[in-house]
Amino acid sequence: MMNETLKTIYARRSVRAYKPEQITDDELETVLKAGEYAPSANNQQSQLFVAIQKKELLDELAALGMKVKNADSSPYYGAPTVILVFAKAGCSEPFADGCLALENMFLAAASIGLGSCWINCGKHIFATDEGKALKKRLGVGDDYITVGSCILGYPAQELGEAAPRKDDYVIYIKYGTC
């Protein structure tokens, strides 16, 4: 069985090279809305998204990421849009809520021809004093945990084939086997 949703899931790849042009407002809103419609524990909707397209702020975020990772290049791969995902700490499953929102955003991006990639260094960035100050400037309260980031843009190269899947992803337990 194959439908458009499954085709998107199977075709999506992490993109780490982007064209410099910014995505459209409609594309950004499509991706963000997909994140809003992600499942959340007890429908608490604990997720909070900060969509950044301002070059100076992206540069600041990249510099903080390079500092915490002790890296020479941006952990955001020069993507023109970064969506930071936070979730309210006191909710039932804030990290899972944020992860589900990120996956929805990745799939939405792929379905409309955008590249995306999970970037995880936000947890380290927002644990530093500089990161805490930035989080406050962004309007994110101390009661929110950092989940991850979705970078977005137009892929600068063709997407490759999927890496082979490992053989032992699933253990089947059917009638009479356990």
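Here, every reference points to the structure presented above.
Residues numbered from 1 in each chain as written. Predicted model: local features only at pLDDT ≥ 70, side-chain atom pairs only at ≥ 80, totals over all residues. Heavy atoms only, no water.

Enquirer: Give me the overall build of the protein chain: which residues, what numbers.
Expert: A tally of regular secondary structure across the protein chain gives six helices and four strands. Taking 16 Å as the expected radius of gyration for a compact globule of 178 residues, we find that the protein chain reaches 18 Å, a close match to that expectation. When the backbone C-alpha atoms are referred to their principal axes, the protein chain occupies close to 55 × 40 × 35 Å. For the protein chain, the residues scored as buried account for 40% of the 178 residues in total. Sequence-distant contacts in the protein chain: of pairs separated by 6 or more residues, those separated by 24 or more amount to 83%. Accessible area of the protein chain: about 10,900 Å², with a carbon and sulfur share of 52%. Looking at the protein chain, you have 19 positive and 22 negative side-chain charges, and the mean spots of the two groups are 4 Å apart. (Helix = DSSP H or I, 4+ residues; strand = E, 2+ residues; numbered from the N terminus. Rg over C-alpha atoms; globule rule 2.2 N^0.38 Å. Buried < 20%, exposed > 50% of the residue type's maximum accessible area, 1.4 Å probe, protein only. Contact = heavy atoms within 4.5 Å. Areas by Shrake-Rupley, 256 points an atom, 1.4 Å probe, with all protein chains shown as cover. Lys, Arg positive; Asp, Glu negative; His and termini not counted. Charge placed at Lys NZ, Arg CZ, Asp CG, Glu CD.)

Enquirer: Requested: an account of the state of the cysteines, with residues and values cited.
Expert: Under the defined criterion, the tally for this structure stands at zero disulfides. Of all cysteine sulfurs, the one in C99 lies closest to C91, which takes part in no disulfide; the gap is 15 Å. Of all cysteine sulfurs, the one in C150 lies closest to C99, which takes part in no disulfide; the gap is 13 Å. (Disulfide = S-S within 2.5 Å.)

Enquirer: So what about the nonpolar core? Which residues, and what values?
Expert: Membership of the largest hydrophobic core comes to 22 residues, with the highest contact counts inside it found for L61, Y76, L84 and I151. Elements that contribute at least two residues to this core include exactly β1 (47-52), α3 (55-69), β2 (81-88), β3 (115-119) and β4 (144-153). For this core, the element with the highest residue contribution is α3, accounting for four residues. Ranked by size, the runner-up nonpolar core spans 19 residues in total, among them V31, L102, F106 and C150. (Core = buried A, V, L, I, M, F, W, Y, C linked by side-chain atoms within 4.5 Å.)

Enquirer: Tell me what's going on with the side chain of S46, and back it up with residues and numbers.
Expert: Checked against the element boundaries, S46 lands in the loop between α2 (25-36) and β1. The exposure class assigned to S46 is buried, which follows from its relative accessible area of 3%. Of the polar contacts made by the side chain of S46, one reaches the side chain of D97; its length is 2.7 Å. Leaving out residues up to four positions away in the same chain, S46 has contacts with F86, A87, K88, C91, P94, D97 and Y144. (Polar contact = N/O pair within 3.5 Å; in protein donor to acceptor, adjacent residues only side chain to side chain.)

Enquirer: Break down the sheet that holds β1 for me, with residues and values.
Expert: Judged by pairing direction, the sheet is antiparallel, and its four strands sit side by side in the order β1-β2-β4-β3 without closing on themselves. Looking at strand neighbours, the two that pair on one side only are β1 and β3, the edges of this open sheet. In this sheet, adjacent strand axes meet at a mean angle of 25° when their direction is disregarded. In this structure, β2 lies alongside β4, joined through eight bridges in antiparallel fashion. (Pairing = 2+ DSSP bridges. Axes fitted to C-alpha atoms, helices over the stretch in contact; angles between N-to-C directions.)

Enquirer: An account of the layout of surface pockets is requested, with residue identities and associated values reported.
Expert: Estimated volume of the largest pocket: approximately 190 Å³. It is α3 that provides the largest number of residues to the lining of the largest pocket, a total of four residues. Of the residues in the lining of the largest pocket, the class split is seven nonpolar, four polar and two charged. (1 Å grid on protein atoms, 1.4 Å probe; cavity = no way out; pocket = protein on both sides within 12 Å on 5 of 7 lines; lining within 4 Å. Points joined across faces, edges and corners; volume = space filled by probe spheres on them. Nonpolar A, V, L, I, M, F, W, Y, C, P; charged D, E, K, R; others polar.)

Enquirer: Account for the packing of α3 against helix α6 (residues 129-137), with residues named and values stated.
Expert: Contact geometry for α3 and α6: axes closest at 11 Å, N-to-C directions at 155°. When the interaxial angle is binned, α3 and α6 end up roughly antiparallel. In this structure, α3 crosses over α6, and the sense of that crossing is left-handed. In this structure, α3 uses L57, E60, L61, L64 and K67 to contact α6, whose residues at the interface are E130, L134 and R137. Of the residues that constitute the contact of α3 with α6, the class distribution is four nonpolar, no polar and four charged. (Parallel < 35°, antiparallel > 145°, perpendicular 65-115°, else oblique. Left-handed = near helix turned anticlockwise from the far one by under 90°.)

Enquirer: Requested: an account of the pattern of salt bridges, with residues and values cited.
Expert: Enumeration over the complete set of coordinates arrives at five salt bridges. In this structure, R137 and E60 form a salt bridge, with 2.9 Å as the shortest nitrogen-oxygen distance. Note that R137 is positioned in helix α6 and E60 in helix α3, a separation of 77 residues in sequence. Owing to a relative accessible area of 28%, E60 belongs among the partly exposed residues under this scheme. Note that K88 and D143 form a salt bridge whose closest N and O atoms lie 2.9 Å from each other. Taken together, the positions of K88 in strand β2 and D143 in the loop between α6 and β4 put the pair 55 residues apart, joining distant regions of the chain. Judged by its relative accessible area of 32%, K88 falls in the partly exposed class. (Salt bridge = Lys/Arg side-chain N within 4 Å of Asp/Glu carboxyl O.)

The quantities given are spatial measurements derived from coordinates; they are silent on function.
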